[in-house]
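Remarks on the overall topology
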There are 2 protein chains.
Amino acid sequence: MAGCGETLYGARISRGFWSAFRETVVREGIPYQWKALNDELPDAEPSHCMRNFRIAAGKEQGEFGGFVFQDSDVAKWLEGVAYSLRWHPDKQLEALADGAIQAVVDAQQPDGYMDTYYIIGGLDKRWTNLKDHHELYVAGHMIEAAVAYYRATGKRVLLDAVLRLVDHISKVIGPEDGKLHGYPGHPVIEMALMRLYEVTGDEKHLRLAEYFVRERGRLPLYFEQEDQKNGNGFYWKDSPFRYQYYQAGLPFMEQKAAEGHAVRAMYLYCGAADVARHSGDEALAAVCRRLWENTVAKRMYVTGAVGSSEYGEAFTFDYDLPNDTVYGETCAAIGLVFFARRMLALEKKGEYADVMERALYNGVISGMQLDGKKFFYVNPLEVLPEACRMDAHKRHVKPERQKWFGCACCPPNLIRLLASLEDYLYSADGDDVYVHLYAGGSVRFEANWKPVRLSVRTNYPWEGDVALAVETERPVAFTLNLRVPGWCRNYAVSVNGEPVEAEVRDGYLALNRRWEDGDEVGLALDMPVRLVRANPRVRADVGCVAVSRGPIVYCLEESDNGRDLQMLRLDGATSADFNVEWRPDKLGGIVELTCQGARESDEAFDGALYSAEAEVRQAPCDLTFIPYYSWANREVGEMRVWVRER
Amino acid sequence: MAGCGETLYGARISRGFWSAFRETVVREGIPYQWKALNDELPDAEPSHCMRNFRIAAGKEQGEFGGFVFQDSDVAKWLEGVAYSLRWHPDKQLEALADGAIQAVVDAQQPDGYMDTYYIIGGLDKRWTNLKDHHELYVAGHMIEAAVAYYRATGKRVLLDAVLRLVDHISKVIGPEDGKLHGYPGHPVIEMALMRLYEVTGDEKHLRLAEYFVRERGRLPLYFEQEDQKNGNGFYWKDSPFRYQYYQAGLPFMEQKAAEGHAVRAMYLYCGAADVARHSGDEALAAVCRRLWENTVAKRMYVTGAVGSSEYGEAFTFDYDLPNDTVYGETCAAIGLVFFARRMLALEKKGEYADVMERALYNGVISGMQLDGKKFFYVNPLEVLPEACRMDAHKRHVKPERQKWFGCACCPPNLIRLLASLEDYLYSADGDDVYVHLYAGGSVRFEANWKPVRLSVRTNYPWEGDVALAVETERPVAFTLNLRVPGWCRNYAVSVNGEPVEAEVRDGYLALNRRWEDGDEVGLALDMPVRLVRANPRVRADVGCVAVSRGPIVYCLEESDNGRDLQMLRLDGATSADFNVEWRPDKLGGIVELTCQGARESDEAFDGALYSAEAEVRQAPCDLTFIPYYSWANREVGEMRVWVRER
C-alpha cells in the first residue's frame with residue numbers, strides 16, 4: 001500500500017515463503033490468467049473479457065459476454081501486473097499490459113464513460129441500476145489498476161482515462177441537485193478513489209469517496225427509488241438481509257455488525273477506513289473499529305475466512321461459523337486483509353496485523369492451488385467429497401480447485417494481493433518504523449531525514465527466528481517496532497547479540513535507539529504447536545481443537561489419515577506431544593506435524609446405527625497435520641480443521 | 001391394517017397415551033382440518049380442496065386452486081374420518097363425510113376418471129405427465145379412503161367410484177400394447193390397490209399394483225419418453241438423484257439403498273411389501289428387506305425421521321444425518337411406520353416393530369402440536385431460531401409449528417395414522433397372536449376356531465409394566481407372542497402371578513399354553529434411562545448422546561435449560577444419575593428426566609473468538625429433558641436432541 005501517507009519508499013520480498021508464492025504468481029498466475037481473459041484456456045469457462053473491449057471499441061462484431069462486471073477481471077489483472085513489475089521487471093509483460101490498457105482506453109467513450117456492458121448493450125441504459133449493475137464497481141477496479149500501473153511504470157494512459165471517467169461519474173452522481181444521489185451496489189470505488197487521491201491530492205476524489213461511504217443506506221433509499229423508477233428487480237427482497245446485502249440497509253454510521261455480502265462489506269469498510277484516515281474523521285474511524293470488532297470477535301473463521309453462508313455469499317449472525325456449509329470466499333478473506341491493512345494504517349495495533357496474518361497464511365492462499373493454476377472460490381474447513389455431490393446445501397463447496405469461474409473475481413484478486421504483498425509488511429510513522437509481517441527481504445525508509453535500509457532474514461512462518469540488519473550511512477535515531485504476534489507467548493530480542501529488554505505496546509516491541517550501520521537485531525519468537533479452541537458459543541467447533549503453529553492453521557487430510565476424519569481424536573494432547581518436521585518434498589515444502597491421537601471404531605455397534613450398549617471404542621493412531629492452505633493438492637478426499645478432543 | 005390377511009377382527013385403544021392423542025384427533029384434528037379443506041381457517045393458507053370438487057362437478061364457477069395433488073387432502077381426511085368412526089361413532093361427522101364423498105363422486109367423469117385438476121383444467125391433457133402430475137397418487141389416496149370408508153361404514157358409494165376409476169386406469173395404463181407403459185411419479189397407488197385387493201379379492205388389482213412396482217425404472221424409461229413426447233420439464237435433471245427422485249432411476253428389483261424423495265421411497269416400499277406378501281414373491285420380499293436394512297441401519301434419525309436433505313425432500317447417503325438442516329418430513333416418518341407395519345405382516349420380527357415404535361413416539365407425533373392445531377412439516381433434531389431466520393440452509397426448519405401448509409400432506413396423514421393406530425398393535429398368524437405395541441385396550445381374534453379377547457392395561461410408554469388378560473368361553477391353546485422391545489435389556493413375565501420362563505425369538509417372547517378365561521399375563525419391561533450413542537460414522541452425532549427412556553427420545557429445550565444448548569454436557573452420566581418424574585401438568589403429562597450435567601462457559605475467552613490459552617471452563621448444572629415429541633409447545637427457543645458428553 002505504497003501511498004498510505006507513510007514515508008516508506010521501497011519494500012522487497014526476496015526470499016522465503018512468500019517469494020515462492022510470488023514466483024508462482026509471475027511464472028504461472030499472470031500468464032495463465034491472461035489466457036483466461038482471452039478465452040484461451042481449454043476446458044474452462046470463457047471469460048469474454050478482452051473480446052468485450054474489442055467489440056466496445058468497434059474492432060470486432062458481437063455480443064457482450066459474461067457478467068455485468070466482466071471488465072473488472074481485466075482491471076484486476078492489470079493491477080496485479082503493475083505490482084509485479086515493481087519487483088519483477090518484464091518488458092514483454094509490460095508490453096502486453098500496455099496493449100491491454102490501449103484496448104481498454106480504445107473503448108472509452110468521449111464523455112469519459114467506461115464499461116463495455118453498456119457501451120455494447122446501449123448507453124441509454126447506463127446508470128439506471130447502480131444497485132446491481134456494477135458500473136461503479138468496474139470503475140473502482142479500473143481506478144485501482146490505473147493508479148498501480150502509473151506508480152509502477154510512470155505511464156499515464158490508464159490514469160488519464162480514469163481521471164476522465166471519475167469526472168464523468170462526478171457529473172452524473174453526487175449529492176448536488178440534478179445528480180443521481182446514488183452509490184454502488186458493490187463497493188470498491190471508495191478505496192479506489194482514496195488511492196487516486198493519494199496520487200492526485202485532489203480533494204474532489206476524497207469527497208466523492210466520502211460521499212459514497214456516507215450516503216448509502218440513508219432514507220429515502222436510493223436503491224428503492226431506482227428500482228421503482230427503472231423497474232429493476234430486487235432479488236433479495238425476501239432475504240433476511242434485504243438492502244443490507246448491498247451495505248445499504250443502514251447508513252454506514254449506524255452499522256453495528258458485519259452483515260450482508262461479505263466481500264461488499266469488507267470493501268466498504270476499507271473505503272471507510274481510508275476516508276477516516278485521510279480526513280481525520282474520528283466518528284467514522286469509530287464505526288470502522290466497531291465493525292472490525294464484530295467481524296473478528298464474532299464472525300471470522302479460524303482461517304481468516306469470512307462469510308458463513310452461501311446464500312448471499314453473506315455474513316449470518318454472531319458465532320454462526322459452520323465448517324462444512326461455509327462460504328468463506330477467497331475474495332472475502334482478501335477483503336479482510338485489505339481492511340486489516342487499512343486499520344493498521346489508521347492505528348498501529350498488533351491485533352490488526354494478527355488478523356491480516358491469519359487470513360494471509362490460511363484462508364487467502366488456500367484459494368490457490370500450489371501450481372497457481374486452479375482456484376477455490378469457497379474455502380471450507382471441513383469437507384466430505386460425497387457430501388459436495390449429494391447434499392444440495394454443500395454443492396457450493398468443491399473438494400477440488402477449479403480452473404476458472406464464470407464469475408472469476410477470486411483468481412485475479414489473489415494475484416493483485418500476492419504481487420503487492422510487500423506493501424503489507426511495514427509502516428513508517430514519523431520516526432517509528434513498524435515491521436508487521438516477517439518475510440525475507442528489505443525495506444527503505446527515512447528517519448530523521450536520513451535514509452535507512454532494513455534487511456530481514458527469516459524462515460518464517462516455519463521458524464520463529466528473525467534477523468534484521470540496519471544499513472545507514474550515518475547513525476540515526478528511530479524506533480524499530482517489531483510485531484510480537486498474538487499467537488506468541490515467549491520471545492527474546494537481542495541487538496548485536498546482546499539480549500535487550502523492551503516493552504511490548506499494542507502488540508509491538510519498541511526498540512528505540514541510535515542505530516548504526518551494521519546493527520543486527522535478533523528476534524526469536526517461540527513457535528510451539530498450539531491447540532486452539534473456539535469460544536464455546538461457536539456451535540460448530542465445540543469439543544474440538546484447531547492445531548496451529550505460528551500463523552499457520554493445520555488440518556487433517558484423508559491422504560494422510562484415511563477416511564472418516566470425524567472419528568479421529570486428540571484428547572489431552574499438549575504442544576510437546578507433537579513432532580515438528582520440515583518436509584521439503586511434500587506439498588511444496590511444509591512443516592508437517594504429527595502426533596499420537598486416537599481413532600474411534602464403530603466395531604462395537606456391529607452394524608447398528610444407534611446403541612445404548614455399544615461403546616465407541618478407540619485405538620491409538622498417528623495423526624498427520626498439514627497446513628490448511630496446502631489441502632486439496634493431492635487426490636480428492638476428506639479434510640477437517642477442527643479435530644475432536646473432548 | 002385390518003385386512004392384512006390376519007385373522008384379527010377388532011382392536012381397540014381405550015386408555016392411556018394414545019387414547020389422549022386420538023381424543024385430540026377426533027375432537028380437534030378432524031374438525032380443524034375440515035375447516036382447512038373448506039378454506040375456513042383464519043390466517044392460514046387456503047386449501048381450495050372442496051371448492052375444486054364443486055367446480056369440477058359444475059356446481060360452482062372458478063379456477064382450480066392449489067397443487068395438482070390437492071384432491072388427496074380430502075381423500076386422506078376421509079380415510080382418517082373412516083378410521084375414527086370405527087372407535088368413535090359420530091353420526092354428524094359421518095353425515096359430513098357422506099356429503100364430502102358425494103361431492104367427490106359428483107365430480108367423477110362418465111368414464112370413471114377422477115382428478116379435479118384435469119377435470120377443471122382440460123381432460124385432453126390428462127395422463128400426459130405421470131411423472132409430476134400426481135393423477136395416480138390422487139387415485140391411490142382416493143382408493144385408500146374408499147376402502148377405509150367401506151370397511152368402517154359398509155357404504156359403497158366411494159368404493160364403487162374408485163372401482164370405476166381403477167377400471168379406467170387399467171384401460172389407459174398397463175403393460176399391454178396400446179396402453180401407456182407408465183407408473184406414478186409419486187407412489188401410493190401400489191399399497192392402495194393392495195388394500196382394494198384385500199376387499200375385492202380381484203386379481204387384477206394385485207396385478208396392477210405389481211405392475212406399478214416392477215415397471216418403474218425399466219429401460220427405455222417411461223418418464224424420459226413422456227417428457228419428450230409431451231414436452232414436460234425435468235426439474236431434477238441436474239440433481240444427484242435425477243429419476244431416482246421418483247423411484248425410477250433403477251428398476252425396483254435393482255435398488256440397494258434408500259434414495260430420492262423420502263416419502264415416495266417409503267410409499268413404494270410399502271406397496272412392494274404388500275405385493276410380496278400377497279403374491280408370495282420371495283425375490284421382491286428380499287429387495288424390501290435390503291431397502292429396510294439400508295434405511296434403518298444407515299439413513300434413519302434416532303427419532304425415526306428419514307430424509308436428510310430439504311433439496312428433493314430426499315435421502316442423501318449413508319450416515320449423513322445432519323440434525324439442523326434435516327428434512328425429516330412428518331409424512332416420511334409416517335411412511336416408515338407404514339413400511340415397518342408391512343414388513344411385520346410379512347415376517348414377525350421385533351426389529352420392525354422397534355422402528356415402528358421409534359418413529360411413532362418421536363418423529364411422527366412431533367409433527368403435531370399437543371392441541372392438534374398446528375403442524376411441523378420438517379422435524380429437526382437441533383434448532384436455533386436465529387438460524388431459521390438468518391441461514392438460508394435452515395429456512396425450511398421452523399421453530400414453531402404452522403397452522404396449515406399450501407402443500408398440506410402432513411396434517412391429514414397424521415390423522416389417518418393416529419385414527420387407525422389400533423391396526424398397528426397386533427397380528428394373528430394361525431394360532432400365534434402377536435402384541436407388537438403396548439397400549440391400553442383390547443383385541444379379539446380367533447385361535448383354533450375359538451373367539452378370544454385379550455385386554456391390555458398399561459401406562460406405557462411412561463412405565464414398562466403391561467398386564468394382559470385373556471377372555472375366552474372355553475380353554476384354548478395358542479401362542480401369545482409379546483414383543484420385548486429392542487431397547488429393553490431386562491424383563492420378567494408371569495402368568496397368573498407365577499413367573500414363567502419363555503424364549504425370546506425374533507424379538508417376541510412366546511407364551512404357548514392352553515389359555516383359560518381370566519388368565520392374567522404380567523410383563524415387566526425394565527425401563528431405565530438409556531444413553532444412546534450413534535455409530536461414529538454419523539458425523540453429526542459424534543461425541544454426543546441421545547437421552548432416551550423406553551421408546552421415547554428426549555431433548556433439551558431452551559425453556560428449561562436456557563440458551564446455548566451446545567454448551568451443555570453430560571459427561572460420564574449413567575442411567576442411575578437421572579431423576580425420573582411424572583409431571584402430569586407439564587406438556588400434557590410427561591415423564592420428565594433431570595440429571596446433573598455441566599454448562600460450559602466462555603468466560604476464560606474474555607470475548608475472544610479463538611484462544612490457545614483460554615480453558616473452556618464448565619460448572620455443574622441441572623439438565624432437564626422433555627420428550628422430543630413435546631418440544632415447541634411453549635415459547636420459541638432452542639432445542640437439541642444430541643447432547644455432548646465426550
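Presented here is an overview of the structure given in this document. For clarity, every value in this text was computed on a predicted model and none was experimentally measured.

The next subject is the relation of the copies chain A and chain B. Its rotation angle being 180°, the transformation that places chain A on chain B also includes 0.0 Å of axial translation and leaves an RMSD of 0.0 Å. Both chain copies can therefore be described as sitting about a two-fold axis. Among all C-alpha atoms of chain A, that of R646 of chain A lies closest to the rotation axis, at 2.6 Å. Looking at chain A, 100% of its interface residues are interface residues in chain B too, so the copies touch through the same face.

Right, let's get into helix α16 (residues 410–419) of chain B. Residues and elements named next belong to chain B. Taken across its ten residues, α16 has ten buried, putting it largely inside the fold. For α16, every residue scored as buried is listed here: C410, P411, P412, N413, L414, I415, R416, L417, L418 and A419. If you follow the buried residues of α16, they end up packed against α1 (17–37), α3 (71–87), α6 (135–153), α11 (262–279), α13 (330–346) and α14 (350–364).

Residues and elements named next belong to chain B. A sheet is described by the order of its strands in space; here five strands give the open sequence β3-β4-β8-β12-β11, paired in mixed fashion. Looking at which strands have only one partner, the edges of the open sheet turn out to be β3 (426–429) and β11 (504–505). Across four bridges, the pairing between β3 and strand β4 (residues 432–435) is antiparallel. Following the sheet pairing, D429 is matched in β4 by D432. Set on the sheet, α14 makes contact with β8 (476–483) and β12 (508–515); between it and β8 the angle comes to about 55°.

With six of six residues buried, strand β14 (residues 529–534) of chain B lies mostly within the body of the structure. Judged by which residues are buried, β14 of chain B turns out to be covered on both faces: V529, L531 and R533 of chain B on one side and R530, V532 and A534 of chain B on the other are all buried. With two bridges connecting them, strand β20 (residues 610–611) of chain A and β14 of chain B associate as antiparallel partners. Its bridge partner lying in β14 of chain B, S611 of chain A is registered against R533 of chain B. Here four bridges tie β14 of chain B to strand β15 (residues 544–549) of chain B, and the two strands are oriented antiparallel to one another. Bridging across to β15 of chain B, L531 of chain B finds its partner in V547 of chain B.

Attention now moves to the packing of α11 of chain B against α13 of chain B. Residue and element names in this part refer to chain B. Viewed as axis vectors pointing N to C, α11 and α13 meet at an angle of 15°, and their least axial separation amounts to 8 Å. Considering their axes alone, α11 and α13 lie roughly parallel with respect to each other. Regarding α11 and α13, the two cross each other, and that crossing is left-handed. Along the contact surface, α11 presents A262, V263, M266, Y267, Y269, C270, A273, D274, A276 and R277, while α13 presents C331, A332, G335, L336, F338, F339, R342, M343, A345 and L346. Among the residues forming the contact of α11 with α13, the class breakdown is 16 nonpolar, one polar and three charged.

Turning next to the nonpolar core. W18 and L570 of chain A are the most contacted members of the largest nonpolar core, which totals 236 residues. Beyond its immediate sequence surroundings of up to four residues, W18 of chain A is in contact with I13, L360, Y361, I365, L418, L421 and A439 of chain A. Counting residues in hydrophobic clusters, the runner-up holds 233 residues, among them W34, Y183, V553 and M639 of chain B.

What follows concerns the sheet that holds strand β8 (residues 476–483) of chain A. Residue and element names in this part refer to chain A. Strand order in the open sheet made by the five strands is β3-β4-β8-β12-β11, with mixed pairing throughout. Edge positions in the sheet fall to β3 (426–429) and β11 (504–505), since each has one partner strand and no second. The sheet contact formed by strand β4 (residues 432–435) and β8 spans four bridges and is parallel. Note on β8: the bridge partner recorded for V433 is L480. The strands touched by helix α14 (residues 350–364) within the sheet are β8 and β12 (508–515), with β8 carrying the most contacts at an inclination of about 55°.

Along the polypeptide, H261 of chain A turns up in the loop between α10 (222–230) and α11 (262–279). Those residues in contact with H261 of chain A, other than ones at most four positions away along the chain, are H186, Y245, Q247, G312, E313 and A314 of chain A.

Further remarks concern helix α9 (residues 203–215) of chain A. All names here are of chain A. Between its terminal C-alpha atoms α9 stretches 18 Å, which fits the 18 Å expected from 13 residues at 1.5 Å a residue. All buried positions along α9 are accounted for by H205, L206, L208, A209, E210, Y211, F212, V213 and E215. Where α9 is buried, its residues contact α6 (135–153), α7 (157–172), α8 (189–200), α11 and α12 (282–298). Positive phi appears at G217, one or two residues downstream of α9, with a value of about 85°.

Between chain A and chain B, the contact holds 62 residues from the first and 62 residues from the second. For the pair chain A and chain B, the two sides together bury roughly 5,500 Å², of which 54% comes from carbon and sulfur. In terms of surface lost to chain B, no three residues of chain A exceed R539, L609 and Y610 of chain A, which account for 15% of the buried area on that side. At the boundary of chain A with chain B, the tally comes to ten salt bridges. The tally of links between chain A and chain B comes to 31 residue pairs in polar contact (both at pLDDT 80 or more). When residues of the side of chain A that touches chain B are traced back to their parent elements, those giving at least two are α12, α15 (385–390), β14 (529–534), β19 (590–601), β20 and β23 (642–644) of chain A. A per-element tally of the side of chain A that touches chain B places β14 of chain A first, with five residues. Residue classes in the side of chain A that touches chain B are distributed as 28 nonpolar, eleven polar and 23 charged.

Rules used in this analysis
Residues numbered from 1 in each chain as written. Chains lettered and ligands numbered in written order. Predicted model: local features only at pLDDT ≥ 70, side-chain atom pairs only at ≥ 80, totals over all residues. Heavy atoms only, no water. Least-squares fit on C-alpha atoms with pLDDT ≥ 70 in both. Contact = heavy atoms within 4.5 Å. Buried < 20%, exposed > 50% of the residue type's maximum accessible area, 1.4 Å probe, protein only. Helix = DSSP H or I, 4+ residues; strand = E, 2+ residues; numbered from the N terminus. Pairing = 2+ DSSP bridges. Axes fitted to C-alpha atoms, helices over the stretch in contact; angles between N-to-C directions. Parallel < 35°, antiparallel > 145°, perpendicular 65-115°, else oblique. Left-handed = near helix turned anticlockwise from the far one by under 90°. Nonpolar A, V, L, I, M, F, W, Y, C, P; charged D, E, K, R; others polar. Core = buried A, V, L, I, M, F, W, Y, C linked by side-chain atoms within 4.5 Å. Expected span 1.5 Å × (residues − 1). Buried area = accessible area lost by both parts, 1.4 Å probe. Salt bridge = Lys/Arg side-chain N within 4 Å of Asp/Glu carboxyl O. Polar contact = N/O pair within 3.5 Å; in protein donor to acceptor, adjacent residues only side chain to side chain.

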